[in-house]
Amino acid sequence: MMRRLLMPGLYWKDNDNDMEKSDYIFGLRAIIEAIEAGKDIDKILVKTDFSGDLARELLGKAKAYGILVKRVPQEKLNRITMKNHQGAIAILAAVPYHKLENIIPMLYEEGKNPLIVVLDGVTDIRNFGAIARTACCAGADAIVIPSHNSVSITADAIKTSAGALFHIPVCREKTTLDAVKQLKNNGYKIVAATEKGALNYTKTDFTVPVAIVMGAEETGISDDVLRQADDLAAIPIIGEISSLNVSVAAGIIIYEAIRQRNLEKSLD
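Residues numbered from 1 in each chain as written. Predicted model: local features only at pLDDT ≥ 70, side-chain atom pairs only at ≥ 80, totals over all residues. Heavy atoms only, no water.

A. Just the overall build of the protein, in detail. When its secondary structure is counted, the protein shows nine helices and 13 strands. Relative to the compact-globule value of 18 Å for 268 residues, the protein shows a C-alpha radius of gyration of 20 Å, a close match. Seen through its C-alpha atoms, the protein measures out along the principal axes to roughly 65 × 40 × 40 Å. Of the contacts formed within the protein by residues at least 6 apart in sequence, a portion of 75% connects residues at least 24 apart. Total accessible area on the protein stands at roughly 13600 Å², and carbon and sulfur atoms take up 50% of it. With 32 positive and 34 negative side-chain charges, the protein shows a spacing of 5 Å between the two charge centroids. (Helix = DSSP H or I, 4+ residues; strand = E, 2+ residues; numbered from the N terminus. Rg over C-alpha atoms; globule rule 2.2 N^0.38 Å. Contact = heavy atoms within 4.5 Å. Areas by Shrake-Rupley, 256 points an atom, 1.4 Å probe, with all protein chains shown as cover. Lys, Arg positive; Asp, Glu negative; His and termini not counted. Charge placed at Lys NZ, Arg CZ, Asp CG, Glu CD.)

B. Quick peek at the sheet that holds strand β7 (residues 115–120). Spatially, seven strands are ordered β9-β8-β7-β12-β10-β13-β11 in an open sheet, and the strand pairing comes out parallel. One side of each edge strand has no neighbouring strand; the edge strands of this open sheet are β9 (170–173) and β11 (199–200). Inspection of the sheet shows β11 paired to strand β13 (residues 231–234) by two bridges, in the parallel sense. Of the residues in β13, the one forming a bridge with N200 is A234. Lying over the sheet, helix α4 (residues 100–109) contacts β7, β8 (142–146) and β9, oriented at roughly 135° with respect to β9. Contacting β7, β8, β9, β10 (189–193) and β12 (210–215), helix α7 (residues 176–185) crosses the sheet at an angle of about 160° to β7. (Pairing = 2+ DSSP bridges. Axes fitted to C-alpha atoms, helices over the stretch in contact; angles between N-to-C directions.)

C. Representation of the state of the cysteines. All chains considered together, the criterion is met by zero disulfides. Considering cysteine sulfurs only, C137 is the nearest to C136, which forms no disulfide, with 6.0 Å between them. (Disulfide = S-S within 2.5 Å.)

D. Spotlight on the environment of V122. By the secondary structure assignment, V122 is in the loop between β7 and α5 (125–138). In the structure, V122 is positioned 97 residues away from T219 in sequence and 9.2 Å away in space, judged by C-alpha atoms. Every residue in contact with V122, bar those within four places of it in the chain, is listed here: N127, S150, V151, M214, G215 and A216.

E. Up close: the packing of aromatic side chains. Counting across every chain of the model gives two aromatic pairs. With centroids separated by 5.9 Å and ring planes inclined at 55°, the aromatic side chains of Y108 and Y188 adopt a geometry described as tilted. Taken together, the positions of Y108 in helix α4 and Y188 in the loop between α7 and β10 put the pair 80 residues apart, joining distant regions of the chain. With a relative accessible area of 33%, Y108 lands in the partly exposed category. Residue Y188 is classed as buried on the basis of its relative accessible area, which comes to 3%. (Phe/Tyr/Trp six-rings, centres within 6.5 Å; stacked < 30°, edge-to-face > 60°. Buried < 20%, exposed > 50% of the residue type's maximum accessible area, 1.4 Å probe, protein only.)

F. Molecular detail of the pairing of β10. Burial of β10 is extensive: five of the five residues sit out of reach of the surface. Every second residue of β10 is oriented toward a common face, with K189, V191 and A193 on one face and I190 and A192 on the other, all of them buried. In this structure, β10 lies alongside β12, joined through four bridges in parallel fashion. Its bridge partner lying in β12, I190 is registered against A211. Where β10 and β13 come together, three bridges link them in parallel fashion. Of the residues in β13, the one forming a bridge with A192 is L232.

G. View of a nonpolar patch on the surface. On the surface, I237, L244 and V248 cluster together to form a nonpolar patch covering roughly 220 Å² of accessible area. V248 sits in the partly exposed class, given a relative accessible area of 42%. (Patch = residues over 30% accessible without salt bridge, like charges linked within 9 Å, V, L, I, M, F, W, Y side chains within 5 Å. Salt bridge = Lys/Arg side-chain N within 4 Å of Asp/Glu carboxyl O.)

H. Examining the environment of N102 more closely. Mapping N102 onto the fold places it in helix α4. Its relative accessible area of 49% is what places N102 among the partly exposed residues. N102 sits 69 residues away from C171 along the chain, and the two C-alpha atoms are 9.5 Å apart.

So this is what it looks like as structure tokens:
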């Protein structure tokens, strides 16, 4: 495998499969400057015993910008590069992230009736890719994910989405709760898809600006986020298995929203 130098501290890793390409920045000062310059950083890997004044500055910057930091053995960093990484490597996002605070007014300015999908604690890359593909096909306007305990835009996610992640904006916010509150304060109806809901998903109104919240299969949507929801929508389960895969559930609810919106247009 060959690596090409793009700029000091920034490399592009060549592979036979374009979907496997990833780039990274190494070195403490280079990473700090990249954060300050607004580079789309997926996560920062630091060695287990990461310490020192510059290390503390880097960690402070990462926290302020909501960037995930993972402590890993020195050997893992060395497998990525044997250059002088100084105990830190920043993995850049395969696709740039967007800011929800920019997406919200833009959609209203374009005269859209927005439909946004929010993923709370979804960590499975294949589910993320499948949801992104469905959202893109349905014409949803954006996907929102939190910075921590969540999927991110990786080469595998792009591949699973069949390239949809190149076409639908993904906003990465500090927490799901922050994102939901921001959406609610800007006139969005918050619909949480949960088995705790007493309302059949077909009975909720998706014809207004809506944010559909989907939770992880194991834990569901967090209680704090559920308390912000306007509707708790449930998909009826009739068979022997008690729950649906989250990407399948997302597809069902997203297309119910599209059905209602198309019906409303036909009645105009």
